[in-house]
Amino acid sequence: MGDTGPNANTGSKRKTFALAIGINNYSSHTSLKGAVGDADRFRDWLVSGYGVPCGNIINLRDEEATGAGIRGALASVVDNEHINPGDNFIFYFSGLGSSADAPASWYMSTNQIQMFLPSDFDANIPTEAKGLWTAEPGRGILDTDLRDIIEDVSARKGGLRILAILDCCFRGAGTQSGADNLTVRGVDLASYKLPESPPSSLTRGSFSTHHRSHIILAACAANEKAYEVGDRGLFTDALLAIFQKPNFQDLTCLDLMRQLEDFPELVEKQTPRCEGFDLHRNLFTLDTSTSFQPPIYAIQEVDRACGSFRLAGGWKHGITNGAHFTVHTDKNCTSAEVAYIVAVNTLPLVTHCSFLPDTPETLSSLPHDAALYAVQTLHGHSLQLFIDRDDPHYPRWKMLIDQNVSDISIGSIHLVGPNDEADLAISADGQNVLFEVKNAKCREYGAEYLSWKAVRIDEPDDYLLGILRGAADFFRHLDLPNMSALYKEPFEVRCLELCQQESFFGPWAPKPDASNLCRDHKIYMVEDKNASYGFEITNNSMNLFHAEVFMFNVHNLQISHADKGSLPPGESLRIGFGDSGANPRMFFLPEGQSTDISFLKIFLSSRPHSFSDLDQQAPFTDNACARGDVGPRESVEDFALTIPVIQGDISWLMKMGMPDTL
């Protein structure tokens, strides 16, 4: 049964193994009705739908799924000689979860620790892990422990690719049923006491949501409830419905998140989460897709007389003014083009377009109520690049840029004149290339030249074009629409010098005399090569936001991921404090510079999205030019808050506006 699918042991190089856990009956808590059935249905789908041999699946139900039983099953994965590096492993849990107040000594970002509950959980026995692989009866399993165990399993098996699915919730809401037959998969642990000594998964400081070894699918956000209706969990029910569609095995993580939005019974009650590095990877294999598919948008309104169109997509989806589209009558945009259009007014959720010259006249023959779809064929925003026409190397640069201009899979480059606004200017400096920063936002804080090793004029074309492509991506993301003053007000950003706590190796805390270096949404910093810094973002609004944070380094065009997490109302996200695995940041002036500017950019969204592929190495490095093959970054934030990080001596910082009181 089911041994003929893509994962059957028939000599294929990569196999799939799984652990399916379902718990209805708890020794000390109200029972669930659908968790065991969900685990059974998930197991059946693995066998009949995904072709996983029965012998590759470990099943734990009710009394089998104790803390020791779960850890033992994961340990058996490490000991299984049939599991090889690069194989796939799926961890599925359906049952109860909860959260508890973390002691101050743990220094958690939200002062809460989440856990999922094995069948022998006892609230009278505090969770105090003796080690990742040690479990005593009655204790819960911390979410940080689970993630560290998963990373440990992956590492010890030489790179096992792991998908973890958690159909439970971590909000202490109490299990309850009502007239609508809803049951919450969580319990209230308000009086639960945790020990003062933090667990090893925190003191190691290794956990990060930016992990490459695995993807985690959670039924809901940290502050929400996950439900079952009758004998079925809403989250698992939606997952299995999607997994039974044709070509489900090609789903990326973001594909899945979009398709989950088609289940109103689910998304009206809870917000599924997906965590991991690069959510454009295949959901099951964690392979990165090498084929780029341009985005397709429905056309909401057409005024044929005026030649105007309104697309169901805006700058939230990466569209900028000047982007080109072809219009089609089928959803896949494989039919003949009926019009060519260009974006003329891009708003957050919609884009107004008009006809391009030489557009086909086919549109006029279609019914007025015909469904229309647009596929993007050219980027709007481009790197505004200035090169003096008298430069002896101008013809070569012009040829490189002309080769780049029509490729939708990379950021575009546009040559401008000496009196036009530009992002970058290039010129010859002897045998080297000089890169002068022209972007107004960067110039405002003193940026003049890119500071990097010498780039010679005679470098290969691909290398030089790779630098320009990296610059196009850098300035495009830096210039994405930012928050107005109205939206900045509810968000407080702090930058603090940190010190490591002496009581244990791990999380960091602000120095006792640390002052907030962020004033009026600008960070002022005197170089100290021995100092470590952390950031704290506080949401003072009444709404839940999901934050993802990046550092933009102007001197080398590097974009580095800092951290990500939920920002419930009144709570904070700490970056660099060690509890989420993000290490403290150190800031150094580039060699030969007395000042520097970088930007802390915070993407805030009302729904979870991934920006993980926005990362880019400095495009000057030998392997960075390969980034030109990656598709355009999807800009899906509701808001972006950009914080300049200004470095220099006291006189420079005062010139840049640093308050006297800092």
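Structural data are supplied above this passage.
Please read all numbers here as calculations on a predicted model, not as lab measurements.

What counts and how
Note that residues are indexed from 1 along each chain, following the sequence as it is written. This being a predicted model, a pLDDT of at least 70 is required before a residue's local features are given, and a value of 80 or more before pairs of side-chain atoms are given or counted; all residues contribute to the totals for chains, interfaces and linings. Water and hydrogen atoms were dropped before computing side-chain values, which therefore reflect all heavy atoms in the structure. Secondary structure elements follow DSSP: runs of H or I of four or more residues count as helices, runs of E of two or more count as strands, with numbering from the N terminus. Residue burial is assigned from relative accessible area. The probe radius is 1.4 Å, only protein chains are included, and a residue is buried under 20% of its type maximum, exposed over 50%, and partly exposed in between. Working rule for contacts: check all heavy atoms of both residues, and any pair within 4.5 Å makes them a contact. Per-residue and other accessible areas were derived by the Shrake-Rupley procedure at a 1.4 Å probe size, with only the shown protein chains allowed to occlude residues. Between any two strands, pairing holds if DSSP finds at least two bridges. All axes are obtained by fitting lines to C-alpha atoms, using only the stretch in contact for helices, and the reported angles, taken between N-to-C directions, cover 0 to 180 degrees. Comment: arc refers to directions from the helix axis out to C-beta atoms. Like-charged residues are merged into a patch within 9 Å and nonpolar side chains (Val, Leu, Ile, Met, Phe, Trp, Tyr) within 5 Å, provided each residue has over 30% relative accessible area and no salt bridge. A pairing counts as a salt bridge when a side-chain nitrogen of Lys or Arg comes within 4 Å of a carboxyl oxygen of Asp or Glu.

Trainee: Outline the overall build of the protein, supporting the account with residue identities and numerical values.
Mentor: Secondary structure assignment for the protein yields 12 helices and 32 strands. By residue count, 56% of the 662 residues in the protein fall in the buried class. Partitioning the intrachain contacts of the protein with sequence separation of at least 6 by distance along the chain shows that 74% fall at a separation of at least 24. A total accessible area of about 27,300 Å² is found for the protein, and carbon and sulfur atoms account for 48% of it.

Trainee: Describe the sheet that holds strand 24 (residues 508-510), naming the residues involved and giving the relevant values.
Mentor: Spatial strand order, 24-23-27-30: 4 strands in an open sheet with antiparallel pairing. Of all strands in the sheet, those bounded by a partner on one side alone are strand 24 and strand 30 (572-575). Between one strand axis and the next, the sheet turns through 35° on average, direction left out of account. As defined by bridge partners, strand 27 (residues 532-539) adjoins strand 30 across 4 bridges and the pair is classed as antiparallel. The residue of strand 30 that forms the bridge with Phe535 is Ile575.

Trainee: I'd like a description of helix 6 (residues 253-260), backed by residues and values.
Mentor: For an α-helix the count is 3.6 residues per turn, leaving residues at separations of three or four pointing the same way. Taken together, the buried positions of helix 6 are Cys253, Leu254, Leu256, Met257 and Leu260. The buried residues of helix 6 occupy one face: seen down the axis, they fall within an arc of 155°.

Trainee: Any chance you could break down a nonpolar patch on the surface for me, citing the residues and the numbers?
Mentor: Together, Val526, Ile650 and Met654 make up a nonpolar patch on the protein surface, roughly 240 Å² of accessible area in all. Checked against the element boundaries, Met654 lands in helix 12 (residues 650-655). Residue class for Met654 comes out partly exposed when judged on its relative accessible area of 35%.

Trainee: Talk me through the sheet that holds strand 10 (residues 227-229); I want residue IDs and the actual numbers.
Mentor: Strand pairing in a sheet relies on backbone hydrogen bonds, with the paired strands running either antiparallel or parallel. Here we have 3 strands laid out as an open sheet, ordered 8-10-11, and antiparallel in their pairing. Both outer strands of the open sheet, strand 8 (182-184) and strand 11 (232-233), are each paired with one neighbouring strand and no more. Where strand 10 and strand 11 come together, 2 bridges link them in antiparallel fashion. If you follow Glu228 over to strand 11, its bridge partner there is Gly233.

Trainee: Outline the pattern of salt bridges, listing residues and values.
Mentor: Scanning the model with the defined rule gives 21 salt bridges in all. Two residues, Asp167 and Arg185, come together in a salt bridge whose shortest N-O distance is 3.0 Å. Of this pair, Asp167 sits in strand 7 (residues 161-167) while Arg185 sits in the loop between strand 8 and helix 4 (200-203), and the two are 18 residues apart along the sequence. The class for Asp167 is buried, based on a relative accessible area of 0%. The partner of Asp461 in a salt bridge is Arg396, with the nearest N and O atoms 2.7 Å apart. Separated by 65 residues along the polypeptide, Asp461 in helix 10 (residues 461-478) and Arg396 in helix 8 (residues 394-404) bring together distant segments of the chain. For Asp461, a relative accessible area of 30% translates into the label partly exposed. One salt-bridge network, in which partners are shared between bridges, spans Asp38, Arg41, Asp167, Arg185, Glu228, Arg232 and Asp237.

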